[in-house]
Amino acid sequence: MIKSMTGYGRCEKIDENKKIVIDIKSVNHRYSDISVKVPRAYGYTEDKIRDYVASKVSRGKIDVFVYIEFYTSGDKVVILDKALCKNYYDVLKEIKEECSIQDNIRLCDISSFRDIFVTKQEDEDKDQVWQMILECLEPAMEDFISAREREGSRMAADVREHARIILEDVKIIEEIMPQAEKEYAQKLRQRMTELLGEFNIDESRLLTEVAIMADRICVSEELVRLKSHFTELENILSLDEPIGRKLDFLIQEINRETNTIGSKANDFGVAKTVVNIKAEIEKLREQIQNIE
């Protein structure tokens, strides 16, 4: 199943004791970059959350937001973050001195900074907390992946449509080239005859030289390779694995063959069609950048 690198998933678990909310969102990224934000008291779960997400997603800039609230106090205790409190005090003192403020720094000034207080469960069971988070993380991830798959399905259809348009243009080039090669050979023969006019010309040798030079504009091999690339494109789209990097490499090969056709084929109709193909290739490239 093709997946987009953009997506969003969410899950809420609420009962009489607690509320857990997990939001997962992602955007395009060349590699995998997972950021996890959890309440300070549960920071020990960050690595487990990150590892879980990494096991499900291979590419993208992914942000995971975890909100946890317990309704019952139980064995809750409030702990002062002494280092942060001291830092706030020093900053307030610096402001006072810098701005020549006469007021004293009071307890209420410091206590207004809520993040100096950490509320946590005393002797909480970390495994139990992780299990509660996991029960919410799993459906959030399922929702997230489903969103990426839905978007991926739309993207696959768009990629196939661009491929269809390109292959139609390839057929146009295949129809043009026999006549283009014939006309090119005729022009070459006429030009060589004009240049060698007063000399005795070996007709068979002349035809051989014309054929060799005319062969330089032949693009049949490039057309065969180009069509084979689109056969491979369809094969890759059918894979049940991350395919973004494979498609990115393949589009480079498609672009290379198209450039070769454009440079070799000495014909206005072919050149015009190649421009159309390159425009579709760019659309393909933009779409492929969004695929995991």
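Before reading on, note that the structure itself is shown above.
Residue indices begin from 1 for each chain and proceed along its sequence in written order. The predicted nature of this model means local features are confined to residues of pLDDT at least 70 and side-chain atom pairs, given and counted, to a pLDDT of 80 or more, with totals for whole chains, interfaces and linings taken over all residues. Only hydrogens and water are set aside when side-chain values are computed; all heavy atoms of the structure are taken into account.

**Some points on the sheet that holds strand 3 (residues 32–37)**
- Taken in spatial order, the four strands of this open sheet run 1-2-4-3, and their pairing is mixed. Both edges of this open sheet fall to strand 1 (7–14) and strand 3, since each of them pairs with a single strand only. Averaged over all adjacent pairs, the angle separating strand axes in this sheet is 10°, with direction ignored.
- Whether two residues are in contact is decided by their heavy atoms, any of which lying within 4.5 Å being enough. Axis angles are defined between N-to-C directions and span 0 to 180 degrees, where every axis is a line fitted to C-alpha atoms and, for a helix, only to the segment in contact. By definition, any uninterrupted DSSP run of H or I lasting at least four residues is a helix, any uninterrupted run of E lasting at least two residues is a strand, and each is numbered from the N terminus. Those strands touched by helix 1 (residues 46–56) are strand 3 and strand 4 (60–70), and its axis lies near 145° from that of strand 3. Here the rule is simple: two strands pair whenever DSSP picks up at least two bridges between them.

**A short note on empty space enclosed by the protein**
- Cavities and pockets were defined on a 1 Å grid built over protein atoms only: a cavity is a set of grid points that admits a 1.4 Å probe from which the probe cannot escape, a pocket is an open set flanked by protein on both sides within 12 Å along at least five of seven lines, and lining residues are those with an atom within 4 Å of any such point. Grid points are joined across faces, edges and corners, and a volume is the space filled by probe spheres set on the points. Summed over the entire model, instances satisfying the criterion amount to one cavity of 30 Å³ or more.
- In this structure, the largest cavity occupies an estimated 40 Å³ of space.
- If you trace the largest cavity, you find it lined by Met1, Ile2, Lys3, Glu241, Pro242, Ile243, Ile291 and Glu292.
- Side-chain classes are defined by residue name, with Ala, Val, Leu, Ile, Met, Phe, Trp, Tyr, Cys and Pro counting as nonpolar, Asp, Glu, Lys and Arg as charged, and the others, Gly among them, as polar. Looking at the lining of the largest cavity residue by residue, the classes come out as five nonpolar, no polar and three charged.

**Concerning the layout of surface pockets**
- Its boundaries defined by the atoms lining it, the second largest pocket holds a volume of some 210 Å³.
- Lining the second largest pocket are Met5, His29, Arg30, Tyr31, Arg59, Gly244, Arg245, Asp248, Phe249, Gln252, Ile288 and Gln289.
- No other element matches helix 7 (residues 244–264), which puts five residues into the lining of the second largest pocket.
- Looking at the lining of the second largest pocket residue by residue, the classes come out as four nonpolar, four polar and four charged.

**Description of the packing of helix 7 against helix 8 (residues 268–288)**
- Look at helix 7 against helix 8: their axes get within 10 Å of each other, and the N-to-C directions meet at 170°. The angle between helix 7 and helix 8 falls in the class roughly antiparallel. Residues Gly244, Leu247, Asp248, Ile251, Ile254, Asn255, Thr258, Asn259, Ile261 and Gly262 of helix 7 pack against Val270, Val274, Ile277, Lys278, Ile281, Leu284, Arg285 and Ile288 of helix 8.
- Here the residues of the contact of helix 7 with helix 8 are counted per class, giving ten nonpolar, five polar and three charged. Angles below 35 degrees are treated as roughly parallel, those above 145 as roughly antiparallel, those between 65 and 115 as roughly perpendicular, and all remaining angles as oblique.

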